[in-house]
Amino acid sequence: MSFLLASVMPVMARRSIQGKILAPTFAQITNKRVPNRSISAFVLNQRHKQCKLSPTFLKQPLYVSNKPGDTSSSSGAAYHASANQQIVARRNEINRQKRQARQKALDKDRERNLKLRNLFMEEKQNDSSSSSSHDSSSIPPMFAVKVVTCRTLRLELRMNGREKRGRMFVERPSIFSAMQNEGGEGEVEQRVDDASDDNEYACMSLKALKQTIHEFFRRLKKSTYILSASLPILDEDGNVLTSEEGDDDDQNINDNNSSLGMWRLETDEDVQNAFLQAEQFYQRHQEENESTSMKRPTLVIHVTKDPDAPPPPPPPPYLVGMPDPLTSPTMTMLSFYAFPPDGGISDPESTADQLKRLWRPFRALGRVYVAKEGVNAQMSVPTNVLSNFLQCCTVKPEEGGELSHVLGTYMENGINIDPIPVNMEEFQAKPAFKNLHIRVRSQIVADGFATPLDWQSAGYDMPPLEWHQKLKEAREANEKGVDNAPLPIVLDCRNDYETQVGKFELAEPLDTENFRDSWDVLKDRLKDVPKDAPVMTYCTGGIRCVKVNAYLTQEMGMTNVSRLAGGIISYDRTLNEQAPAEESMFKGVNYVFDSRMGRRITDDQLGTCYTCGSKTHLVSNCKNENCHRRMVQCENCVDSLLGTCSEGCKGRVVNAGMVPKRKGEATNNDVDETRQESDEVYTNVDDYSSGYSSSSPSLFRQIELNTAALLPSGAHMVSGAMQGSLLKMLASQTSGRVLEIGSFTGYATACFLEGAAIAGELGERKETGIGGREGGPFVLSLERDRRALGIASAHIKAMSELGLDEDAAEEASKLADGPIVDFEGDSVSFTYKGIAGCEFLRVNDALATVEEMASSQSQLAPFDIAFVDADKTRLMDYVDALASNDRLLKKGGLIIVDNVLWKGLVLDANNNGYDSSDETSPTGSNEEKALLKKNRRARKLAMKMHQFNSEVVRDERVEVVMMPIRDGLSLIRKR
Ligand SMILES: C[S@@+](CC[C@H](N)C(=O)[O-])C[C@H]1O[C@@H](n2cnc3c(N)ncnc32)[C@H](O)[C@@H]1O
């Protein structure tokens, strides 16, 4: 009977089935206190112990270990790690090949440019030494070629600017002089055979000419065209006249109208003849004109659409007559997922490419995951092409469809379409998505299973109206107290923050922080429940319930399992469309995963404000970008805490120049539309200064996102964009040797490494090559937490292999799927841009290691910068160790200490000191002050920080500049 009781728990119950508090009040949070004395005793003991435990540093081998993790374990984590590794390996290989090809092209370009530059020099010399009589030996070593494209090609290939026409230079090999001298055109045929080695010259072969043209007009590669040539038309000063747009009428050229002085280039011989004619024309012109602007032989090449080329295949029927998506007045939000049968998708990479190609014409935006098991998409599509888009996803191959093996009938419950399209202006002001990201993942919903279940067998897919009826009946039976009625167990399979603001009546939240945690909760909840008990599950769009119900039926043997078809989104829409008079059984807000963060279904306020405990329906993310906590927060607290989650984060935003959103960036606001703020206007100088600082590369943002996903409680510790950019810039001004104390997830490490590489590239490269312990640009980062190190090293691995931009960010984004792979061993090393070394060292206690480094005679070359960002209670000890030894930190080197403003609380510490009477009787009428004072630990640490600041500024060995950036950064220069 207990499960029946649980299943009818009152909607507003504050405890979940796990007994967890649904949303802690501020008092609950701050009541978790650690007795003061035990903190300092613990620190002292640890330090004492760890000094003895940390002899490893000097024995560390200099080795590079990028080996993949152990996948021998049979756990779900191992399975996904191994699947992920395969994808990662493949992606890496593709990227490596792309990089190689890019590099090859660049090298070729560079070589060519160098050659041309030399030829120009030669030309100049010839010019100044040549006599006024123009013999063939004074012919400049380059031809000028004017390339003009025809109108059809321009339109077809959307060519613009310099792609329409342009001038290029091609080398004139010595063979040309020989041809001229030995009888001109008639000899050409013979010459070509003799000069087969010279076929790489654009003036000698059609292939080489086309290749050269492609280097300038890259889009031409996509079309079939013909080449024709003509001699230049000169004005009276000998300037080559530019043809007007439209001169190069396709018809004229296709007719090969020799009266226009053009001739087709179809063979190598044609090409050589054309260039010979250009040269003869040049010589004649030189002889006839004493002074002329024509500097070198010039040929005009006309590129025209080939009339005999096969016509392009007809567009698929769903594109025929499609309106221009850019003219759509609204955007429609939609979502769908598919689990194709028979082993799913055999090649997710190529399916992802196919989706990109097929969806490009619709100008759709969104986030799409493709994995072997299927596709999961959340998108915004211009409403005027919505029906075309839907057709593209579902139409059969015989009707021109290409996606029916992946989507089509395998799309569970079709496509969930939001009934109310978003006005385009509104959408642009606050875009739900900014791009179309189609990403390959090991799973479309990370579940943590060792082997995938059969997703085709996942219980009954209950239509929304039937679901509605069932819930109504259950509510009635519950109210009447009908004992024997088989009340269903209604399970809300979403995470805790989603259920906090809205759920179905009678539903029990699983209250997980992560979907992967669902299985233990389900086992526990249903352990005493008969196998045939009715279980109804739901989630936002239905995809998670496919997995939950597959688990319930296949792993737990439940026989009467159903799920809400299309999830809450479909329920909401169906009820509105088909039974608008019915009262919704879902109350509150349906949390959604785009920047809207929620759709309000009823006015009920189910959420409990994270900060004050009052009722609300608002969901937001903390405005402190280093925290970004997702939370339920009432309007009053949003106002008083300036959209942050705590006084600490508010302090950061107010007191420090931390990075709020950039100009034009989407905000993750609450669901109340009236509360949106303008992205265009800066209202404080911190926002303004970050908005007008150079933006950070994508990888850095991804490191923040990964940290928020994997180690959310520490997300605020990440240096962040503004501070990170400063660290990078400082490192770039030194010789690039940085000691970081406290790596965490590698944000600052990545910034320093970038700075070190810049320093390495600018400075004189050391004989030793790549920087390392013994010299050169090098970042050594110390950390004790293996989980953090696992993540940090994955980030730096992506950076060293793929750089800092989209590719690296995409690679790093895969980490967010988890699981966290703990760092194994003592150290790992990387090389960035072939010049800067980076090493993570796992230590027991960073201070002990630093002291050891300072006192030993190691081979370690001195550092330029030491970033002290680990434990905050022994800062002066770190400064002592670093200031006392020039072999560890150079004379004149920088010690950078983070968090010196301690959320602004150092002001209190400075003015009032720490008074323990505050603990029992907080004073002051101001609510903000009262809340602050409750945070005893923060205040004690602020006191410590204030003591450090006071001590270090008086220290004769150093000079201090304290910067109010982010949480306060002190630059301490060793005199
Ligand atoms: C504030 S975070 C570092 C953030 C990082 N520097 C960044 O900018 O992204 C502090 C890190 O120091 C580590 N840490 C704290 N005390 C330490 C100690 N005594 N020895 C080594 N690491 C320590 C913590 O595990 C944590 O990962």
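Nothing here was measured: the structure is a model prediction, and the numbers come from that model. (Residues numbered from 1 in each chain as written. Predicted model: local features only at pLDDT ≥ 70, side-chain atom pairs only at ≥ 80, totals over all residues. Heavy atoms only, no water.)

**Notes on the site of the ligand**
- Close contacts around the ligand come from 20 residues, with Ser719, Gly742, Glu783, Asp845 and Asp869 the closest.
- Within the side chain of Asp869, an N or O atom sits 2.8 Å from a nitrogen atom of the ligand.
- A distance of 3.4 Å separates a nitrogen atom of the ligand from a polar atom in the backbone of Asp871.
- Burial of the ligand by the surrounding chains reaches 94%, relative to a free accessible area of 600 Å².
- Of the residues that constitute the shell around the ligand, the class distribution is nine nonpolar, three polar and eight charged. (Near = heavy atom within 4 Å. Polar contact = N/O pair within 3.5 Å; in protein donor to acceptor, adjacent residues only side chain to side chain. Areas by Shrake-Rupley, 256 points an atom, 1.4 Å probe, with all protein chains shown as cover. Nonpolar A, V, L, I, M, F, W, Y, C, P; charged D, E, K, R; others polar.)

**Let's talk about the sheet that holds strand 13 (residues 489-492)**
- Spatial strand order, 12-17-16-13-15: five strands in an open sheet with parallel pairing. Strands with a single pairing partner mark the edges of an open sheet, and in this sheet they are strand 12 (460-462) and strand 15 (508-509).
- Strand direction decides the pairing type here: strand 16 (residues 535-538) and strand 17 (residues 561-564), joined by three bridges, are parallel. Bridge assignment links Met536 to a residue of strand 17, and that residue is Ser562. (Pairing = 2+ DSSP bridges. Helix = DSSP H or I, 4+ residues; strand = E, 2+ residues; numbered from the N terminus.)

**With respect to the side chain of Thr611**
- Mapped onto the elements, Thr611 comes out in the loop between strand 20 (607-608) and strand 21 (615-616).
- Within polar-contact distance, the side chain of Thr611 engages the side chain of Gln633 at 3.4 Å.

**Notes on the confidence of the model for the protein chain**
- Looking at the protein chain as a whole, the pLDDT averages 78, with 77% of positions reaching at least 70.
- Counting contacts from residues 183-196, a segment whose pLDDT is below 50, to residues more than four positions away or on other chains yields 17 contacts. (pLDDT = per-residue confidence, 0-100. Contact = heavy atoms within 4.5 Å.)

**Examining the packing of helix 27 (residues 846-855) against helix 28 (residues 875-883)**
- It is the contact of helix 27 with helix 28, at a shortest axis distance of 9 Å, that shows an interaxial angle of 15°. With respect to their mutual orientation, helix 27 and helix 28 come out roughly parallel. In the packing of helix 27 onto helix 28, the handedness of the crossing is left-handed. Only Asp877, Tyr878, Ala881 and Leu882 of helix 28 make contact with helix 27, whose side of the interface consists of Ala846, Leu847, Val850, Glu851 and Ala854.
- The residue makeup of the contact of helix 27 with helix 28, split by class, is seven nonpolar, no polar and two charged. (Axes fitted to C-alpha atoms, helices over the stretch in contact; angles between N-to-C directions. Parallel < 35°, antiparallel > 145°, perpendicular 65-115°, else oblique. Left-handed = near helix turned anticlockwise from the far one by under 90°.)

**Observations concerning the packing of aromatic side chains**
- Under the criterion given, the structure shown has 21 aromatic pairs.
- A centroid spacing of 6.0 Å and a plane angle of 45° characterise the contact between Phe339 and Trp455, whose relative ring orientation is tilted. Of this pair, Phe339 sits in the loop between strand 6 (330-338) and helix 11 (348-359) while Trp455 sits in the loop between strand 11 (436-440) and strand 12, and the two are 116 residues apart along the sequence. Assigned by exposure class, Phe339 and Trp455 land together as buried.
- In this structure an aromatic cluster arises from ring pairing among Tyr337, Phe339, Phe449, Trp455, Phe515, Trp519 and Tyr551.
- We note Lys210 situated over the ring of Tyr225; from NZ or CZ to the ring centre the distance is 5.1 Å.
- The ring of Phe863 has Arg737 lying over it, and the distance from NZ or CZ to the ring centre is 5.3 Å. (Phe/Tyr/Trp six-rings, centres within 6.5 Å; stacked < 30°, edge-to-face > 60°. Buried < 20%, exposed > 50% of the residue type's maximum accessible area, 1.4 Å probe, protein only. Lys NZ or Arg CZ within 6 Å of the ring centre and 35° of its normal.)

**Notes on the sheet that holds strand 18 (residues 586-590)**
- An order of 14-18-19 is seen for the three strands of this open sheet, with the pairing classed as antiparallel. Strands with a single pairing partner mark the edges of an open sheet, and in this sheet they are strand 14 (502-504) and strand 19 (599-600).
- For strand 14 and strand 18, the ladder comprises three bridges, and the chain directions are antiparallel. For Lys503, the partnering residue across the bridge sits in strand 18 and is Lys587.
- Running over the sheet, helix 18 (residues 567-578) touches strand 14, strand 18 and strand 19 and is turned about 120° from strand 18.

**A word on the pairing of strand 5 (residues 298-305)**
- Most of strand 5 sits inside the fold, with eight of its eight residues counted as buried.
- The sheet contact formed by strand 1 (residues 142-149) and strand 5 spans six bridges and is parallel. If you follow Val147 over to strand 5, its bridge partner there is Ile301.
- Across six bridges, strand 3 (residues 225-230) lies against strand 5 in antiparallel orientation. Residue pairing for strand 5: Ser230 is matched across the bridge by Val300.

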